[in-house]
Amino acid sequence: MPDRLAVLLQYLLPKKAITEFGSHVANAKAGRITTGIIRWFVGKYKVNMSEAVNPDISSYASFNEFFTRPLRDGVRPIADATWVCPVDGTISQFGPVAQGQIFQAKGHSYSATALVGGDSQLAAAFNKGSFATIYLSPRDYHRIHMPCDGRLTRMIYVPGDLFSVNPVMAAGVPGLFARNERVVCVFESAHGAFILTLVGAAITGSMSTVWHGVVNPPRTKQVREWTYADKNIQFKKGEEMGRFLLGSTVVLLFPENAIEFNSDWQSAGAVHMGEMMGNKIRASIDPM
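One structure accompanies this document, and this report is about it.

Each value, and the rule that gives it
- Sequence order sets the numbering: in each chain, residues are counted from 1 along the sequence as written.
- With the structure being a predicted model, the display of local features is reserved for residues of pLDDT at least 70 and the display and counting of side-chain atom pairs for 80 or more, all residues being used for whole-chain, interface and lining totals.
- Only hydrogens and water are set aside; all other atoms, that is, all heavy atoms of the structure, feed into the side-chain values.
- The criterion for strand pairing is that DSSP finds at least two bridges linking the strands in question.
- Every helix listed is a DSSP run of H or I at least four residues long, and every strand listed is a run of E at least two residues long, numbered separately from the N terminus.
- Definitions used for this entry: grid spacing 1 Å over protein atoms alone; cavity, a set of points where a 1.4 Å probe fits but cannot get out; pocket, an open set with protein on both sides within 12 Å along at least 5 of 7 lines; lining residue, one with an atom within 4 Å of a point.
- Grid points are joined across faces, edges and corners, and a volume is the space filled by probe spheres set on the points.
- Only Asp, Glu, Lys and Arg are considered charged in this grouping, and only Ala, Val, Leu, Ile, Met, Phe, Trp, Tyr, Cys and Pro are considered nonpolar; every other residue, Gly among them, is considered polar.
- As used here, the term nonpolar core means buried Ala, Val, Leu, Ile, Met, Phe, Trp, Tyr and Cys residues forming a set that is joined through side-chain atoms within 4.5 Å.
- Here's how the labels work: a residue is buried when its accessible area is under 20% of the maximum for its type, exposed when over 50%, partly exposed in between, all with a 1.4 Å probe on protein chains only.
- In this analysis, two residues are considered to be in contact whenever any of their non-hydrogen atoms come within 4.5 Å of each other.
- Two rings from Phe, Tyr or Trp (for Trp, the six-membered ring) form a pair when their centres sit within 6.5 Å of each other. Planes less than 30 degrees apart are called stacked, planes more than 60 degrees apart edge-to-face, and all others tilted.
- Whenever a helix is involved, its axis is fitted only over the stretch in contact; in every case the axis is a line through C-alpha atoms, and angles between N-to-C directions fall within 0 to 180 degrees.
- To count as a disulfide, a pair of cysteine sulfur atoms needs to be within 2.5 Å.
- For patch detection, residues must exceed 30% relative accessible area and be free of salt bridges, and they are connected within 9 Å for like charges or within 5 Å for nonpolar side chains (Val, Leu, Ile, Met, Phe, Trp, Tyr).
- Accessibility throughout is a Shrake-Rupley quantity obtained with a 1.4 Å probe, and a residue counts as covered only by protein chains that appear here.
- What counts as a salt bridge is simple: a side-chain nitrogen of Lys or Arg found within 4 Å of a carboxyl oxygen of Asp or Glu.

Attention now goes to the sheet that holds strand S18 (residues 276-279). Pairing is antiparallel in the open sheet, where three strands are placed in the order S1-S18-S16. Two strands in the sheet have a free side with no partner beyond their single neighbour: strand S1 (83-84) and strand S16 (260-261). Pairing of S16 with S18 involves two bridges; the strand directions are antiparallel. The partner of Glu 260 across the bridge, within S18, is Asn 279.

In structure tokens:
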């Protein structure tokens, strides 16, 4: 299908209804039917079940139980780096936040303020920082992990559309990642504050975090916010912080001088959770 037609169809399709139906199917415990769907999915997307704690397809009661399957210990070693990749996926884009704008694809950018739900004060902390956007395809592992040690301070649910977030849509839908519904998680770390945003998509039944559980549904029309400044919710680098029930994208924001990206990283490159994402930029020392 031509890319332009695929994008047009995304505007026309009843995305919310499709997502609600997909969520119903994904949560259903339908015995052989569920097993058949999982078996088809594994074959179509070439899912590597040898990495899973439980590789037996027939043992999963629901599609979502399969989709959020844990991996075996040691399959994703945690790199000795300041920042590690929080997910398995494909690098969409990464680089500097330029005058508050995040690069999406050729001809498309969106503001950090829009991404975080309109909080310009929160976004301002990243105006001279960096970003990384990573797309999780259907075949990928869909749990999300911490890129460094961090303490949770805020979580913001931002309502929005449910466009697909594959590369074709990223290139064709303006402001895609600040347009779809999303869950913005704000952390403090030894390297400064950072944001880890879970972006929803068509057929993504819900997003959940380990401290809250399922965030959506409900799909409200208003921004919802939770603050945790008075709580001590801390995570270690590589520890699970959330998961997608069906696939999507994460967008990370870093403050100025917090990260120098892995020199091996490039757009459209495959990445794995736990690998080196980057190190903190070392302050230059002026000669005497």
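Read on for the rest.
The next thing to look at is the layout of surface pockets. Volume-wise, the second largest pocket comes out at about 260 Å³. For the second largest pocket, the lining is made up of 17 residues, of which Arg 76, Asp 88, Arg 139, Asp 140 and His 272 are closest to its centre. Elements that contribute at least two residues to the lining of the second largest pocket include exactly strand S2 (89-96) and strand S17 (270-271). Of the residues in the lining of the second largest pocket, the class split is six nonpolar, five polar and six charged.

A word on the nonpolar core. Phe 187, Leu 198, Trp 211, Met 241, Phe 254 and Trp 265 are the most contacted members of the largest nonpolar core, which totals 36 residues. Counting only elements with at least two residues in this core, the list comes to strand S5 (130-135), strand S7 (150-158), strand S8 (182-188), strand S9 (194-199), strand S14 (240-245) and strand S15 (249-254). With residues near it in sequence (within four places) discarded, Met 241 still touches Ile 144, His 145, Met 146, Cys 185, Phe 187, Leu 196, Leu 198, Ser 208, Thr 209, Val 210 and Trp 211. With 30 residues, the next largest nonpolar core counts Leu 115, Val 116, Met 169 and Leu 253 among its residues.

Turning to the packing of aromatic side chains, a few remarks are in order. Taken as a whole, this structure holds 20 aromatic pairs when the rule is applied. Summarising the aromatic geometry, the rings of Phe 94 and Phe 261 are spaced 5.0 Å apart at their centres and angled 65° between planes, so their arrangement reads as edge-to-face. Here Phe 261 lies in strand S16 and Phe 94 lies in strand S2, a separation of 167 residues in the sequence. Using a relative accessible area of 16% as the deciding quantity, one classes Phe 261 as buried. When the ring of Phe 254 is compared with that of Phe 261, the centres are 6.1 Å apart and the planes differ by 75°; the resulting orientation is edge-to-face. There is no split in this pair, since Phe 254 and Phe 261 are both buried. Members of the aromatic cluster, connected to one another through ring pairs, are Trp 83, Phe 94, Phe 187, Phe 194, Trp 211, Tyr 228, Phe 235, Phe 254, Phe 261 and Trp 265.

Our next topic: the sheet that holds S14. If you walk across this open sheet you meet the four strands as S6-S14-S10-S11, and the pairing is antiparallel. Of all the strands in the sheet, just strand S6 (143-145) and strand S11 (213-216) have a single pairing partner and so form its edges. Here the strands of the sheet are splayed against their neighbours by 25° on average, with no regard to which way each runs. When strand S10 (residues 206-209) meets S14, the two strands line up antiparallel, connected through four bridges.

Let us now look at the state of the cysteines. Under the counting rule described, the total for this entry stands at zero disulfides. Cys 85 carries a free sulfur, and the closest cysteine sulfur to it, the one in Cys 148, is 13 Å from it. Looking at Cys 185, it has no disulfide partner, and the nearest cysteine sulfur is the one in Cys 148, 13 Å off. On the basis of relative accessible area, Cys 185 is assigned to the buried category, the value being 0%.

Attention now goes to the pairing of S10. By the alternation rule, side chains of S10 split into Ser 206 and Ser 208 and Met 207 and Thr 209, which are all buried. Sheet topology places S10 next to S11; three bridges connect them, and they run antiparallel. Its bridge partner being in S11, Met 207 is matched across the sheet by Asn 216. Connecting S10 to the next strand, S11, in antiparallel fashion are three residues.

Let us look at a nonpolar patch on the surface. Taken together, the side chains of Leu 5, Leu 8, Leu 9, Tyr 11, Leu 12, Leu 13, Ile 18 and Ile 203 define a hydrophobic patch exposed on the protein surface, amounting to about 670 Å² of accessible area. Ranked by residue count, the leading element in the nonpolar patch is helix H1 (residues 3-12), at five residues. Tracing the backbone shows Leu 9 in helix H1.

Moving on, we get to the pattern of salt bridges. A side chain with one charge may pair with a side chain of the opposite charge, provided their charged atoms come close. The final tally for this structure, using the stated rule, is 10 salt bridges. Measuring nitrogen to oxygen at the nearest pair gives 2.7 Å for the salt bridge that ties Arg 76 to Asp 88. Of this pair, Arg 76 sits in the loop between helix H4 (63-67) and S1 while Asp 88 sits in the loop between S1 and S2, and the two are 12 residues apart along the sequence. Among the charged side chains, a salt-bridge network with shared partners connects Glu 51, Arg 76 and Asp 88.

Attention shifts here to unusual backbone geometry. Here Lys 46, not a glycine, exhibits a phi torsion of approximately 55°, which is positive. For Lys 46, the location among the structural elements is in the loop between helix H3 (32-45) and H4. Even without being a glycine, Ala 268 presents a positive backbone phi close to 75°. Tracing the backbone shows Ala 268 in the loop between S16 and S17.

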